[in-house]
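Spelled out, the chains give:
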Amino acid sequence: SLCENDRSSFCVHRQVRERLKKDVAQMKTQDPNFRPGLVVLQVGDRDDSNLYISMKLKAAAEVNNRMPDVIVPVSYIYQIVLCSVNGNSAIHGLIVQLPLDSIHKIDTEKVTNVVAPEKDVDGLTSINAGKLSRGDLGDCFIPCTPNGCMELIRQTGVSVAGKRAVVIGRSKIVGAPMHDLLLWNHATVTTCHSKTADLAAEVGRADILVVGIGKAEMVKGDWVKKGAVVIDCGINHIPDETRPSGKRVVGDVHYSSVKEQAGFITPVPGGVGPMTVAMLMQNTVLSAKRFLESHQPGKWSITYTKLILQKPVPSDIVISRSCVPKPIDRLATEVGLLSDEVELYGKTKAKVQLDIINRLRAQPDGKYVVVTGITPTPLGEGKSTTTIGLVQALGAHMKLNVFACVRQPSQGPTFGIKGGAAGGGYSQVIPMEEFNLHLTGDIHAITAANNLVAAAIDARLFHEATQTDKALYNRLVPLSGGQRTFSPIQINRLKRLGIEKTDPTTLTEEEITRFARLDMDPDSITWHRVLDTNDRFLRKITIGQSPTEKGHTREAQFSITVASEIMAVLALTSSLKDMRQRLAKMVVATSRSGQPITTEDLGVSGALTVLMRDAIKPNLMQTLEGTPVFVHAGPFANIAHGNSSILADKIALKLVGPEGFVVTEAGFGADIGMEKFFNIKCRYSGLRPHVVVLVATVRALKMHGGGCAPGLPLLFLFWLEPVCAVL
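Residues numbered from 1 in each chain as written. Predicted model: local features only at pLDDT ≥ 70, side-chain atom pairs only at ≥ 80, totals over all residues. Heavy atoms only, no water.

## Concerning the packing of aromatic side chains
Test applied: Within 6.5 Å between ring centres, the rings of Phe, Tyr and Trp (the latter by its six-membered ring) count as paired, and their orientation is classed by plane angle as stacked under 30 degrees, edge-to-face over 60, tilted in between. Note on conventions: DSSP H or I runs of at least 4 residues are helices, E runs of at least 2 residues are strands, and numbering of each starts at the N terminus.
Here the structure, examined in full by the defined rule, presents 8 aromatic pairs. Ring centres 5.8 Å apart and planes at 80° place the aromatic pair Tyr473 and Phe515 in the edge-to-face group. Within this pair, whereas Tyr473 is found in helix α18 (residues 469–476), its partner Phe515 is found in helix α20 (residues 509–516), the two being separated by 42 residues in sequence. By way of ring pairs, the aromatic residues Trp300, Phe403 and Phe630 are connected into one cluster.

Below is the structure:
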């Protein structure tokens, strides 16, 4: 590149790169892990394309951009762009390296238009070209070469406004956008091309001349107006016997003769080329800036749903069905979630990826509110309704950022006397049916994982009772390709047994016995099978009555799914890795020698994690008034701790921002759910609530204060007390 300060050539691309470095450093003050991301999509392996890409890679590294070069088969190009790049929040710019080198016919226009306009840093999509054409320069990406040309013209100090400009060439990449740029910078512009009559005369009237027609040294010195600014965008190869390659690179302008006439002129190479790369970096950094500005944590742009109140108040299900929920992807965008952080489950519910925790970890938390209640009556006291109502008031009416975090209801109570847990009246999570039935399958995943453990327990009991040590060992460490190999879980078990060996053939008979036999005491098994239905006849059963079980029967029982220890693990976990460790430590029984036996000993902890890999992601829904709700986990407080997940609370606290609120609910009464909220959930999570909302009803005070059963009126309470006592 030429950086000498003479009037025949000028160099500004290094200034641009230094400025971009400062811009990137400034962005890193907002998020230390943030880096502008640029992807080059290449089809084929052309030498000239490889050269251009290497230049871009070098420039990206200098500016501190993240820039991979992706070479893809033709058949996958659209899928790569649509699925892997457009929706990837770490990628802020995508360029399609042209030409697309393939023996198959490729519609270049179609490929470039697949790129999302907000990531089209080459400015080649029809949307960006259209915005440029109508003068929306602040709302589009300007193609890199014309943008670089304009930057070079500005650096001359020559004002574009009022000048006569001539552009030679009308390509979509250079000529056409260059015309638009000069026009909207108030020049009088003439576009010329190979069919233009008396081209030399047109050139001679130009104060500013931009040439990009692809003809070597076409513009001669006697064509050019004295003192004109000449920008040469051409790259051509002409024979030159003095060069080792036998050729040299020249522009569309005859440099030596035009230099004598021009006030400023760009050389080839070293003029427009480096500026084009610099403008690519500038567009990428601009895209990253726009991304940061539009995705500032806590900066919501949310619309609320207007309620139409009716009297008398209809039933909960009628109210729920009367309200049309917002599309859940729209709600996700409104609260600052990125498209690649959201997995849609239909139109009204979605799961949120845990990666968001890393993206927002520098963001301050919002205010933390917990809703609980005094010891409830069998009819319930309205904690969920209070939670949802409070959230709707803070959000839809006070216009504050607010999230509700509630538990997923169990199907057992839903079809029992209690009903669902979506709130009530005009304070509900909607759609009610989706909320109360299945949701995204988290409880079913827990059912499957829990019963896998149960199946592994009884299978192990059976095989240990019916096989020799050697046969059992050979089944546990089977031959594969003529060799036996310990799995990572088995190596962990060996270490716990104090056996520091990794070769299955080196174990002694005593070590084989210790490794192969868990020697479970059937009477010590604490692990129950589960089902998310109230089925009283499964509370105690006899299993193993099939002839194939050879008389190995035992008493067992079913619990409701949300009573599974796996549900408690889900609610308390902080990451997939943490969940894997917690699942591995679950004790299912003890050996006859009194040693605890875990799921890791059974060899199923990894499988449990696989079954739970989607359940760990919080579920996003909404209230009747369109405020966001996380629905995640649902352990009972009389069995576990009775609170929704730590993960949902932590993600919500980041999303609402420091001025927002997260309202979570502690299950059952204050004497169970809230105490466990403070003593268990808060200690594990490190979170401390700013406010406690305590729901206290007359009905509960009357019942638990020694009065009559719920449902009877408070009036004449003392008169009715003897009657109540009899009842």
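## Description of the sheet that holds strand β10 (residues 264–265)
Let me state the cut-off plainly: DSSP-based pairing: two strands are paired if at least 2 bridges between them are found. In this description, contact between two residues means that some pair of their heavy atoms is separated by no more than 4.5 Å. An axis is simply a line fitted to the C-alpha atoms; with a helix, the fit covers only the stretch in contact. Between two such axes, the angle follows the N-to-C directions and lies from 0 to 180 degrees.
Taking strand neighbours across the sheet as the criterion, the 5 strands line up as β5-β4-β6-β7-β10 in an open arrangement whose pairing is parallel. Two strands close off the open sheet at either side, each with one partner strand: β5 (188–192) and β10. Where strand β6 (residues 208–211) and strand β7 (residues 229–232) come together, 4 bridges link them in parallel fashion. In the strand pairing of β7, Val211 is matched with Asp232. Where helix α6 (residues 144–155) meets the sheet, it contacts β6 and β7, and its direction lies at approximately 155° from that of β7.

## Concerning the pattern of salt bridges
To keep things clear, this is the line we draw: Salt bridge, as used here, is a side-chain nitrogen of Lys or Arg placed within 4 Å of a carboxyl oxygen of Asp or Glu. Only protein chains enter the area calculation, which uses a 1.4 Å probe; residues under 20% of their type maximum are buried, those over 50% are exposed, and those in between are partly exposed.
Across all of its chains, the model carries 34 salt bridges by this definition. For the salt bridge of Arg514 with Glu510, the shortest nitrogen-to-oxygen distance reads 3.6 Å. One end of the pair is Arg514 and the other is Glu510, both in helix α20 and 4 residues apart, which spans about a single turn. Residue Arg514 is classed as partly exposed on the basis of its relative accessible area of 32%.

## What to know about a nonpolar patch on the surface
Put simply, the rule reads: Each patch is built from residues lacking any salt bridge and having more than 30% relative accessible area; the joining distance is 9 Å for like charges and 5 Å for nonpolar side chains (Val, Leu, Ile, Met, Phe, Trp, Tyr). Note on areas: Shrake-Rupley with a 1.4 Å probe; residue coverage comes only from the protein chains shown.
On the surface, a nonpolar cluster with roughly 360 Å² of combined accessible area is contributed by Leu51, Tyr52, Met55 and Ile235. Take Leu51: it is sitting in helix α2 (residues 47–63).

## Examining the UniProt feature "domain: Tetrahydrofolate dehydrogenase/cyclohydrolase NAD(P)-binding" (unreviewed entry) in the protein
As a reminder, the rule being used: UniProt positions are given in the numbering used here, feature names are shortened, and annotations may be inferred rather than shown by experiment.
Per the UniProt entry, the sites bearing "domain: Tetrahydrofolate dehydrogenase/cyclohydrolase NAD(P)-binding" (unreviewed entry) are residues 143–290 in this numbering. Secondary structure across residues 143–290 comprises 35% helix and 19% strand; the distance between its end C-alpha atoms is 17 Å.

## With respect to the pairing of strand β16 (residues 427–430)
Residues Ser427 and Val429 line one face of β16 and the alternating positions Gln428 and Ile430 line the opposite face, and both faces are buried. Sheet topology places strand β15 (residues 423–424) next to β16; 2 bridges connect them, and they run antiparallel. When the bridges of β16 are listed, Gly424 appears paired with Ser427. Where β15 hands over to β16, the hairpin turn is made up of 2 residues, of which Gly425 adopts a positive phi near 60°. Relative to strand β25 (residues 619–623), β16 is paired through 2 bridges, and the arrangement is antiparallel. Bridge assignment links Ile430 to a residue of β25, and that residue is Gln622.

## A look at the nonpolar core
How we decide: Here, the term nonpolar core denotes a set of buried Ala, Val, Leu, Ile, Met, Phe, Trp, Tyr and Cys residues that are joined through side-chain atoms within 4.5 Å. For the purposes of this description, domain bounds are those given by an automatic or database domain assignment.
The biggest cluster of nonpolar side chains holds 67 residues, and the ones touching the most others in it are Phe403 and Phe630. Here this core gets 9 residues from one element, more than from any other, and that element is helix α17 (residues 442–466). Looking at which domains feed residues into this core, each of domain 2 (316–409 + 616–696) and domain 3 (442–612) gives three or more. In this structure, Leu20, Phe34, Leu181 and Phe291 belong to the second largest nonpolar core, which totals 49 residues.

## Looking at unusual backbone geometry
The omega angle of the peptide bond from Val268 to Pro269 is 0°, so this bond is cis rather than trans. Cis geometry marks the peptide bond from Lys311 to Pro312; its omega dihedral reads -5°. Relative to the helices and strands, Pro312 is located in the loop between α10 (272–294) and α11 (316–322). Positive phi, close to 50°, is recorded for Glu217, a residue that is not glycine. In this model, Lys550 sits at a positive phi of 55°, which is unusual for a non-glycine residue. In this fold, Lys550 is placed in the loop between β20 (541–543) and β21 (554–556). We classify Lys550 as exposed; its relative accessible area is 59%.

## Quick look at the packing of α6 against helix α7 (residues 175–184)
Test applied: Orientation labels follow simple angle bins: below 35 degrees gives roughly parallel, above 145 gives roughly antiparallel, 65 to 115 gives roughly perpendicular, and whatever is left gives oblique. With the far helix as reference, a near helix turned anticlockwise by less than a right angle produces a left-handed crossing, and one turned clockwise produces a right-handed crossing. Three residue categories are used. Nonpolar comprises Ala, Val, Leu, Ile, Met, Phe, Trp, Tyr, Cys and Pro, charged comprises Asp, Glu, Lys and Arg, and polar comprises the others, including Gly.
Running from amino to carboxyl end, α6 crosses α7 at an angle of 40°, the nearest separation of the two axes being 9 Å. Judged by the angle between their axes, α6 and α7 are oblique. In terms of crossing hand, the pair formed by α6 and α7 is right-handed. Counted together, Pro146, Asn147, Cys149, Met150 and Ile153 of α6 and Pro177, Met178, Leu181 and Leu182 of α7 form the full contact between these two elements. In the contact of α6 with α7, the residues fall into 8 nonpolar, 1 polar and no charged.

## Some details on the environment of Arg592
Our working rule: N or O atoms closer than or at 3.5 Å make up a polar contact, with two conditions inside protein: a donor-capable atom paired with an acceptor-capable one, and, for residues adjacent in sequence, both atoms drawn from side chains.
Mapped onto the elements of the fold, Arg592 is located in the loop between β23 (587–590) and β24 (596–598). Separated by 112 residues in sequence, Arg592 and His704 have C-alpha atoms that sit 46 Å apart. When near neighbours in sequence (up to four residues on either side) are disregarded, Arg592 contacts Asp519, Met520, Asp521 and Pro522. Among the polar contacts made by the side chain of Arg592, one reaches the side chain of Asp519 at a distance of 3.0 Å. A distance of 3.1 Å separates the side chain of Arg592 from the backbone oxygen of Met520, its partner in a polar contact.

## Description of the pairing of strand β3 (residues 93–96)
Side chains of β3 alternate between two faces, with Gly93 and Ile95 and Leu94 and Val96 buried alike. Pairing between strand β1 (residues 38–42) and β3: 4 bridges, direction parallel. Looking across to β3, one finds that Leu41 is bridged to Val96.

## Observations concerning the environment of Val477
Looking at where Val477 falls in the secondary structure, it is placed in the loop between α18 and β17 (479–480). Owing to a relative accessible area of 0%, Val477 belongs among the buried residues under this scheme. Between the C-alpha atom of Val477 and that of Gly123, which follows or precedes it by 354 residues, the distance is 59 Å. Residues in contact with Val477, not counting those within four places in the same chain, are Arg484, Thr485, Phe486, Gln490, Pro504 and Phe515.

## Re the domain arrangement of the protein
Our working definition: Here the buried area means the combined drop in accessible surface, using a 1.4 Å probe, for two parts upon being joined, counting both sides.
One can read the domain layout of the protein as domain 1 (30–288), domain 2 (316–409 + 616–696) and domain 3 (442–612). A separation of 34 Å is found between the C-alpha centroids of domain 2 and domain 3. Facing the 23 residues of domain 2 at the interface are 17 residues of domain 3. Roughly 1500 Å² of surface becomes buried between domain 2 and domain 3 when both sides are summed, with 68% attributable to carbon and sulfur atoms. Our count for the contact surface shared by domain 2 and domain 3 stands at 1 salt bridge. Here Lys351 ties to Asp442 by a salt bridge, and the two come within 2.9 Å at their closest N and O atoms. Remark: the boundary between domain 2 and domain 3 carries 4 residue pairs in polar contact (both at pLDDT 80 or more). Elements that contribute at least two residues to the side of domain 2 that touches domain 3 include exactly α25 (646–656) and α26 (670–685). In terms of residues, the side of domain 2 that touches domain 3 owes the most to one element, α26, which gives 3 residues. A breakdown of the residues in the side of domain 2 that touches domain 3 according to their chemical character gives 12 nonpolar, 8 polar and 3 charged.

## Describing the confidence of the model for the protein
Stated formally: pLDDT runs from 0 to 100 and stands for how confident the predictor is about each residue.
For the protein, the mean per-residue pLDDT works out to 88, and 92% of the residues sit at or above 70. pLDDT under 50 marks residues 1–9. Its contacts with residues more than four places away, or in other chains, come to 21 contacts. Here residues 715–727 is modelled with pLDDT under 50, and outside its nearest four sequence neighbours on either side it reaches 6 contacts, counting other chains as well.

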